[in-house]
Amino acid sequence: AQSVAQPEDQVNVAEGNPLTVKCTYSVSGNPYLFWYVQYPNRGLQFLLKYITGDNLVKGSYGFEAEFNKSQTSFHLKKPSALVSDSALYFCAVRTPGSSNTGKLIFGQGTTLQVKP
Amino acid sequence: DTEVTQTPKHLVMGMTNKKSLKCEQHMGHRAMYWYKQKAKKPPELMFVYSYEKLSINESVPSRFSPECPNSSLLNLHLHALQPEDSALYLCASSQDPPSATGLETQYFGPGTRLLVL
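The structure presented is a predicted model; accordingly, all values stated were derived computationally and were not measured.

(A) Quick look at the overall build of chain B. Secondary structure assignment for chain B yields 0 helices and 11 strands. N-terminal to C-terminal, the α/β element order of chain B is β-β-β-β-β-β-β-β-β-β-β. Its C-alpha atoms give chain B a radius of gyration of 14 Å, near enough to 13 Å, the size a compact globule of 117 residues would have. When its C-alpha atoms are laid out on the principal axes, chain B stretches across 40 × 30 × 30 Å. Relative to its full complement of 117 residues, chain B shows a buried share of 49%. For chain B, long-range pairs separated by at least 24 residues make up 57% of all intrachain contacts whose partners lie at least 6 apart in sequence. Of the roughly 5600 Å² of accessible surface on chain B, a fraction of 52% belongs to carbon and sulfur atoms.

Shown next as structure tokens:
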């Protein structure tokens with residue numbers, strides 16, 4: 001079965017410091033991985049995705065993520081956090097040819113709190 | 001432009017009411033989705049429409065009835081809901097329908113926050 005784990009319910013970081021939000025996955029086959037962000041009382045906004053190619057993916061708002069096949073991870077990173085980055089972050093996975101075609105498998109979400 | 005719009009933003013309804021949620025996109029996307037999201041939880045897929053036809057129903061109770069009048073619009077008709085149906089209902093769309101490639105990116109609207117009394 002496909003699954004995604006976000007091991008931290010909450011991550012706290014000071015403004016200006018680097019941030020990492022962790023994601024690990026378990027799938028059969030090659031994964032397609034996504035990061036979404038949800039600000040309070042808003043829908044999900046697409047940040048970035050990994051399909052194939054360069055393991056380092058750059059996305060919106062200065063975020064990037066590194067695909068690590070050996071560790072089955074896809075951690076979200078940003079060199080310098082902003083208070084406005086405070087939000088709920090979701091990692092999600094798809095696999096090609098899945099019987100659940102169309103279904104994104106989401107992690108449980110990680111709340112990022114950036115303090116001034 | 002990757003905008004998906006949803007109306008209304010908030011909705012309060014009684015258990016005997018009938019109401020509808022609306023979703024619209026003008027990006028030429030050929031697939032549209034309904035999700036249900038409880039507070040601080042990941043979205044749960046409810047329905048998928050591909051080329052205006054229902055392609056996935058995730059065993060959703062019949063008190064939720066989706067409709068896709070045309071390629072830009074998606075409705076969710078609500079009838080005889082229960083208090084536990086209170087949630088944020090998210091609409092999403094993707095350029096291509098769900099396929100074996102899994103490449104399509106889903107873009108979400110802001111959601112309708114539903115409260116069932």
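(B) Just the interface of chain A and chain B, in detail. On the chain B side, the residues contacting the 24 residues of chain A number 26 residues. Joining chain A to chain B, the criterion identifies 1 salt bridge. One salt bridge connects Glu104 of chain B with Arg94 of chain A, and the closest N-O pair in it is separated by 2.7 Å. Our enumeration of links across chain A and chain B arrives at 5 residue pairs in polar contact (both at pLDDT 80 or more). Those elements that place two or more of their residues in the side of chain A that touches chain B are strand E5 (32–38), strand E6 (44–50) and strand E10 (87–94) of chain A. Ranked by residue count, the leading element in the side of chain A that touches chain B is E5 of chain A, at 4 residues. Of the residues contributing to the side of chain A that touches chain B, the split by class is 11 nonpolar, 9 polar and 4 charged.

(C) Summary view of the state of the cysteines. Residues and elements named next belong to chain B. Here the structure, examined in full by the defined rule, presents 2 disulfides over all chains. Between the sulfur atoms of Cys23 and its disulfide partner Cys91 the distance amounts to 1.9 Å. What sets the handedness of the Cys23 and Cys91 disulfide is the S-S torsion sign, and at about -70 degrees it is left-handed. In this pair, Cys23 sits in strand E3 (residues 18–25) while Cys91 sits in strand E9 (residues 87–94), placing the two residues 68 residues apart along the sequence. Cys91 shares its class with Cys23; the two are buried. This cysteine, Cys68, is not joined by any disulfide, and Cys23 carries the nearest cysteine sulfur, 9.2 Å off.

(D) Structural context of the pattern of salt bridges. If you walk through the whole model with that rule in mind, you get 5 salt bridges over all chains. Between Glu66 of chain A and Lys77 of chain A there is a salt bridge; the shortest N-O distance is 3.9 Å. Within this pair, whereas Glu66 of chain A is found in strand E8 (residues 64–68), its partner Lys77 of chain A is found in strand E9 (residues 73–78), the two being separated by 11 residues in sequence. With relative accessibility at 39%, the residue Glu66 of chain A sits in the partly exposed group. The exposure class of Lys77 of chain A is partly exposed, given its relative accessible area of 30%. Measuring nitrogen to oxygen at the nearest pair gives 2.7 Å for the salt bridge that ties Arg63 of chain B to Asp85 of chain B. Residue Arg63 of chain B is found in the loop between strand E6 (53–57) and strand E7 (64–70), and its partner Asp85 of chain B is found in the loop between strand E8 (73–79) and E9; the two are separated by 22 residues along the sequence.

(E) Fine view of the pairing of strand E4 (residues 31–37) of chain B. Residue and element names in this part refer to chain B. Counting buried positions along E4 yields 7 of 7 residues, so the element is predominantly enclosed. In terms of strand pairing, E4 meets strand E5 (residues 44–50) through 6 bridges, oriented antiparallel. Looking at E5, one finds that Tyr35 is bridged to Leu45. What sits between E4 and E5 in their antiparallel hairpin is a turn of 6 residues, with Lys40 showing a positive phi close to 65 degrees.

Thresholds, definitions, all that
- Residues numbered from 1 in each chain as written.
- Chains lettered and ligands numbered in written order.
- Predicted model: local features only at pLDDT ≥ 70, side-chain atom pairs only at ≥ 80, totals over all residues.
- Heavy atoms only, no water.
- Helix = DSSP H or I, 4+ residues; strand = E, 2+ residues; numbered from the N terminus.
- Rg over C-alpha atoms; globule rule 2.2 N^0.38 Å.
- Buried < 20%, exposed > 50% of the residue type's maximum accessible area, 1.4 Å probe, protein only.
- Contact = heavy atoms within 4.5 Å.
- Areas by Shrake-Rupley, 256 points an atom, 1.4 Å probe, with all protein chains shown as cover.
- Salt bridge = Lys/Arg side-chain N within 4 Å of Asp/Glu carboxyl O.
- Polar contact = N/O pair within 3.5 Å; in protein donor to acceptor, adjacent residues only side chain to side chain.
- Nonpolar A, V, L, I, M, F, W, Y, C, P; charged D, E, K, R; others polar.
- Disulfide = S-S within 2.5 Å.
- Pairing = 2+ DSSP bridges.

None of this, on its own, says anything about what the molecule does.
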